[in-house]
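# Fold and geometry: a report
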Amino acid sequence: MKVLLLTTDIYGGYGGIALYNRDFAAAIASHPDCEELVVVPRIVPNEPEGIPPKVRFVAEAARNNLAYFRAIHALRREKFDVVFCGHINLLPFARTISNRPALLIYGIDAWKPRNRRYKPGAVISISDITLGRYLSWSSFGGKTFILPNAIHLDDYAIAPRDPELVARYGLEGKRVLLTVGRIVAAERYKGFDEVIEVLVDLPKDVVYLIAGGGNDLPRLKNKAAALGLADRVIFTGLFPDSEKPALYNLADVYVMPSRGEGFGFVLLEAMACGVPAIGSRHDGGREALRGGELGILVDPASSADIRLAIDELLARGGKQIPPGLDYFSFPNFTSRVHSILHELMDELRR
Amino acid sequence: MCGIAALFAYDDDASPIRREELEAINERMRPRGPDAGGTWISDDGRVGLASRRLAIIDLSPEGDQPLTDTSGELVIVFNGEIYNHRELRARLERGGARFHSSSDTEVLLQLYRAHGADMVELLRGMFAFCIWDKTRKRMFVARDPYGIKPLYFADDGQTIRIASTVKALLAGGAVSRTIDPAGVAGFFLTGTVPEPFTIFESIRAVEAGTAFFIDADGRGKARAHYSIAKVFQRGCSQHAFVTLVPPAMQLCEFVSESLRYHLVSDVPVGAFLSAGIDSTGLVALAKQPMRTVTMSFDAFAGGTSDESRIAERFAAEMHCVHTTRVVTRDEFTRDLPRFFDAMDQPTIDGVNTWFVSKATAEQGLKVAISGIGGDELFGSYPSFTTLPRIVRGMSLARKVPGGVQAARAALAMTKRSPKAPAVTRYGATWGGAYLAQRGLYMPWELPMPADAAEEGLKRLEFFERAEELLEPDPSSAFGRVATLEATLYMRNQLLRDTDWASMAHSLEVRTPLVDAWLLRQLAPLLTNEGSASKQYFADSPKPALPDYVRNRPKTGFVVPLIDWAQLEPDGTGTRMRSWAKRVMETFQ
């Protein structure tokens, strides 16, 4: 079986989609029938690492538009059993290679009409909510799959607070709420504002750690100051990936009353460190918390709902990795990918 | 869904409560809960709770009320439905709580134990309840955000009496029947009695969206747990989300979610079906063939006011089991005494809900969903365009010398309505403009003795209260009108009438478009899109609502009252003023 995957970023890339794509590629490559997986990125921000055997990574396609067009053109001469299109914007390119590419969709990329002219052969969505929103405008009637993020449970663990980070952020004797994410003005859907507003009504020893960088940071700083919370809302700015588990282990509660998450992978990371989590009932967070089984779902438009959930988890205390988190383990992710491959192959045979 | 009552002799000098009074109150509410009834009186005889039950969730005796928790410290009577009770139960269980029934009533007790008064913030549903907290010797009383479920009290300074209906409180025999001029003035002004007043001086409504404690010192200050004005204000600052998802999709998701919750039941749920977008939209979004009921009057057969043809066609396309129930003049005349007896407070509305509820109950249904609230939510009343115009125009006229006189002269030439002078007199404020547009009588023409009218108006403080309802400022014209429509018309008339007129037939009416959680989600979209939202709602089911529904001229629900009730001419086309006088006579 020879497989093609067109992606935005993957090896050497940052963020949730790059990680998802790496897991996806690894799962495909691990299939016993997979002879070769060709991966074509749109961007390669850093030195690519961790490329599995059987993967041919066409890094040169990311050099510029011309190089990308050339790479796509060259691939048209090859024969693939399955073509995956890793972003809705790449669908026109995927369609030049296959009449029935399987499209991967994640979140806001697929929530509004886009590339309506180009129909995929199948759709793999990171969550039910994204799939529902895509189907509502696309009139797509073919095969669909839900493939939620994977969490590599071995990379995370419950650990004591790192004294260096405690000192750096002034967290000694504090109870810590944490949100990890980009702080982008154009995407005010993570719920930072909502948590800051709730903090006013929480005990003084509770602080809010916002981990991430972005252009909306000055506004949030001003907002915190205006509410008299300058010393209780702490911004880490950009942080190295290697610090991530230690960062989660600083938290007593992970809270993300968001509106625009396709899935909410950070919720899995927090829970993998035993941090009790609060997510949104109105976006992919609902699925990351398995409908409330793994954590508390809140209405992001209700300050009271958010506050009571925080109160409840702070009062409950303690850290525990929820047993149900295993649902998102990488082995489970891999078997989901394999069954998707089987179904797609069966369909092609028909 | 039930009728509930509570008596609490909180003052040391108060006599213990009387079982006969509690039972008399409860008996008056029997139609609200024909399936079971019960009373509970504390060992010291200071507190009594009673309930009539219409069993809908957990049909077993485990769900009977009054319900005591396992520790015996908390006792509850509860009227309504908690639609998110299953998820709250699961959350409480994860926190260590243990349950003994599958009823939503028990969830309330555990939630109170876990969160105290804040518990009301977590409830999605319609509710009115009283929890007796034996340890703290206090009673917690709460009512839902919109005021879907009623709750009234009479507090004589020593004993407080609480019940689901005004007439039940009177039936106990200990509450004065003295008519309140403020209630009468409010009724003639608006066609219903505005909260917190009732038609009786000694009875007040527990205001919608509030909760309070009662202890040895009496009734504590009511705390608002929901404000429609605040939701709209907040919605205005959350426009960023509006752009993430197309409007029709947002409506589809959020209304479908509300609908899903409103279909939670252990008995079959039917639907009122008219020819309008709201009820057809709900039936389409339900994605399951429902049992639907349409009511028509034989006097309108085949005319533009007859919705039955369109409803039948739509129901057939949706594969619904449909019933069209025709009401005749004879039936109307026969039902009128029962109708007035069931009417809990004077209102000029309720006839339509009475008959459609009767028709639905005849089908063996205990629960039906209704599209009421859609016009208030989506801004499809004319007031959404006229009120902003009146306020803008009159505010401007007041700034220009001679502007008010010019406006008055212009209105006198173009409008012959007796209400026309109200536009120039009150139109510069939102509450004033609302009254000028929606009022039945104007303050200077109330059909009651002059001194009573003066006293009533003074205590009623209609304009001041309307301005209070708009605190904090909803930040947009749409939000202001929507807030007034929801808190004046819908709360005081539409929802209240729906409650007594349906409960008289032992039918629970559920309102997926009147949902505090839904409004929170939609507020950013509504303030952004205004009245266009209704068309987006029509687009939200797949397939979208058919043209014969969406392009039908808006008629409202009309009852052939003029002929059937033989109403005298009263200077208005609908003769509603005559009807109001007839209604008022039944309360005096």
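In every chain, residue numbers begin from 1 and rise along the written sequence. Lettering of chains starts at A and numbering of ligands starts at 1, both following the order in which they are written. Per-residue local features are limited, in this predicted model, to residues with pLDDT of at least 70; the limit for side-chain atom pairs, both in listing and counting, is 80 or more; totals at the level of whole chains, interfaces and linings are taken over all residues.

Turning to the overall build of chain A, a few remarks are in order. The secondary structure content of chain A amounts to 12 helices and 13 strands. In terms of principal-axis extent, the alpha carbons of chain A reach across some 65 × 40 × 35 Å. Long-range pairs, those at least 24 residues apart, make up 61% of the contacts in chain A with a sequence separation of at least 6. Secondary structure elements follow DSSP: runs of H or I no shorter than four residues count as helices, runs of E no shorter than two count as strands, and numbering proceeds from the N terminus. A pair of residues counts as a contact when their C-beta atoms, built from backbone coordinates, are separated by no more than 7 Å.

Turning next to the overall build of chain B. For chain B, the count of helices and strands is 25 helices and 18 strands. What the globule rule says is 2.2 Å times the number of residues to the power 0.38, and the radius of gyration is computed from C-alpha atoms. Against the 2.2 N^0.38 benchmark of 25 Å for 588 residues, chain B shows a C-alpha radius of gyration of 24 Å, consistent with a compact globule. For chain B, the spread of C-alpha atoms along the three principal axes comes to 70 × 60 × 55 Å. Counting every position in chain B, which comprises 588 residues, the buried fraction comes to 56%. By sequence separation, contacts in chain B at least 24 residues apart represent 70% of the contacts at least 6 residues apart. Whether a residue is buried, exposed or partly exposed follows from its count of other C-beta atoms within 10 Å of its own C-beta, namely 20 or more, 12 or fewer, or something in between, respectively; the C-beta atoms are built from the backbone.

Consider a sheet: its strands pair through backbone hydrogen bonds, and that pairing is either parallel or antiparallel. Residue and element names in this part refer to chain A. Strand order in this open sheet of six strands is β10-β9-β8-β11-β12-β13, and the pairing throughout is parallel. Two strands bound the open sheet, and with one partner strand each, they are β10 (233–237) and β13 (296–298). With direction set aside, neighbouring strand axes in the sheet form an average angle of 25°. Pairing between two strands requires that DSSP report at least two bridges joining them. The sheet contact formed by strand β11 (residues 253–255) and strand β12 (residues 277–280) spans two bridges and is parallel. Of the residues in β12, the one forming a bridge with V255 is I278. Helix α9 (residues 265–272) rests against β8 (175–180), β11 and β12 of the sheet, and its axis sits at about 170° to β12. Fitted lines through C-alpha atoms serve as axes, helices being fitted only where they are in contact, and the angles separating the N-to-C directions of these axes extend from 0 to 180 degrees.

Contacts between the two partners involve 21 residues from chain A, matched on the other side by 18 residues from chain B. Of the residues forming the side of chain A that touches chain B, the biggest block, five residues, is contributed by helix α11 (residues 303–316) of chain A. Of the residues that constitute the side of chain A that touches chain B, the class distribution is eight nonpolar, five polar and eight charged. Classes in brief: Ala, Val, Leu, Ile, Met, Phe, Trp, Tyr, Cys and Pro nonpolar; Asp, Glu, Lys and Arg charged; the others, Gly included, polar.

Let's shift gears to the sheet that holds strand β15 (residues 291–297) of chain B. Residue and element names in this part refer to chain B. Pairing is parallel across the open sheet formed by five strands, whose spatial order is β16-β15-β14-β17-β18. In this open sheet, the two strands that pair with only one neighbour each are β16 (321–327) and β18 (508–510). When the angles between neighbouring strand axes are averaged without regard to direction, this sheet yields 30°. Pairing of strand β14 (residues 269–272) with strand β17 (residues 367–369) involves three bridges; the strand directions are parallel. Looking at the pairing, G270 lines up with A368 of β17.

How big an interface is tends to be stated in terms of the accessible area lost upon association of its parts. Residues and elements named next belong to chain B. The split into domains, and so the bounds of each, comes from an automatic or database assignment of domains. As assigned here, chain B comprises domain 1 (2–226), domain 2 (229–379 + 490–558) and domain 3 (383–484). On a C-alpha basis, the centres of domain 2 and domain 3 stand 29 Å from each other. On the domain 3 side, the residues contacting the 12 residues of domain 2 number 14 residues. Going through the elements one at a time, α6 (228–236) and α21 (516–529) are the ones with two or more residues in the side of domain 2 that touches domain 3. Residue classes in the side of domain 2 that touches domain 3 are distributed as five nonpolar, five polar and two charged.

A regular strand places its side chains so that they alternate between the two faces of the sheet. Residues and elements named next belong to chain B. With four bridges joining them, strand β8 (residues 152–155) and strand β9 (residues 159–163) adopt antiparallel strand pairing. Following the sheet pairing, F153 is matched in β9 by I162. Once β8 ends, the chain turns through three residues before running back antiparallel as β9, passing G157 with a positive phi of about 95°.

So, on to helix α12 (residues 351–362) of chain B. Residues and elements named next belong to chain B. One less than the number of residues in a helix, times 1.5 Å, gives the span that helix is expected to have. Taking 1.5 Å as the rise per residue, α12 with 12 residues should run 16 Å; its terminal C-alpha atoms sit 17 Å apart, in good agreement. When we look at burial in α12, the residues that qualify are V351, N352, T353, W354, F355, V356, S357, K358, A359 and T360. Looking at the residues trailing α12, positive phi occurs at G364, about 85°.

On to helix α18 (residues 450–460) of chain B, then. The periodicity of an α-helix, 3.6 residues per turn, causes residues three or four places apart in sequence to face the same way. Residues and elements named next belong to chain B. All buried positions along α18 are accounted for by A453, G456, L457 and L460. Projected onto a plane normal to the axis of α18, the buried residues spread over an arc of 95° and lie on a single side. More than 90 degrees from the buried face of α18, the exposed residues found are D451 and K458. What the arc describes is the spread of directions from the helix axis to the C-beta atoms.

Now for the domain arrangement of chain A. Residues and elements named next belong to chain A. Partitioning chain A into domains gives domain 1 (2–150 + 329–349) and domain 2 (153–327). Taken residue by residue, the interface counts 13 residues in domain 1 and 12 residues in domain 2. Top contributing element to the side of domain 1 that touches domain 2 by residue count: helix α4 (residues 128–138), with three residues. Here the residues of the side of domain 1 that touches domain 2 are counted per class, giving five nonpolar, seven polar and one charged.

Cis geometry is adopted by the peptide bond preceding P66 of chain B, which originates at Q65 of chain B and carries an omega value of -5°. Tracing the chain through its elements places P66 of chain B in the loop between β3 (47–53) and β4 (67–68). For the bond running from E195 of chain B to P196 of chain B, omega is 0°, close enough to zero to count as cis. Residue K54 of chain A is not a glycine yet carries a positive backbone phi of 80°. Looking at K54 of chain A, the number of C-beta atoms within 10 Å reads 17, which means it is partly exposed.

Right, let's get into the environment of P52 of chain A. Inspection of the secondary structure puts P52 of chain A in the loop between β2 (36–40) and β3 (55–57). As for P52 of chain A and I28 of chain A, which are separated by 24 residues in sequence, their C-alpha atoms are 10 Å apart.

In this fold, R329 of chain B is placed in helix α11 (residues 329–342). Linking R329 of chain B and N551 of chain B, residues 222 residues apart in sequence, is a C-alpha distance of 30 Å.

The term nonpolar core refers to a set of buried Ala, Val, Leu, Ile, Met, Phe, Trp, Tyr and Cys residues connected through C-beta atoms within 7 Å. Core analysis: the biggest nonpolar cluster contains 297 residues, and L209, A251, Y254 and I278 of chain A together with C130 of chain B have the highest contact counts within it. Top contributing element to this core by residue count: helix α20 (residues 477–503) of chain B, with 13 residues. Each residue touching A251 of chain A, except ones within four places of it in the same chain, is listed here: V176, L177, L178, L209, A270 and V275 of chain A.

Here we take up the environment of V367 of chain B. All names here are of chain B. Residue position: V367 is located in strand β17. For V367, a count of 24 C-beta atoms within 10 Å corresponds to the buried category. Once you skip the residues sitting within four places of it in the chain, V367 turns out to touch I56, S265, V267, V269, G270, E508 and R510.

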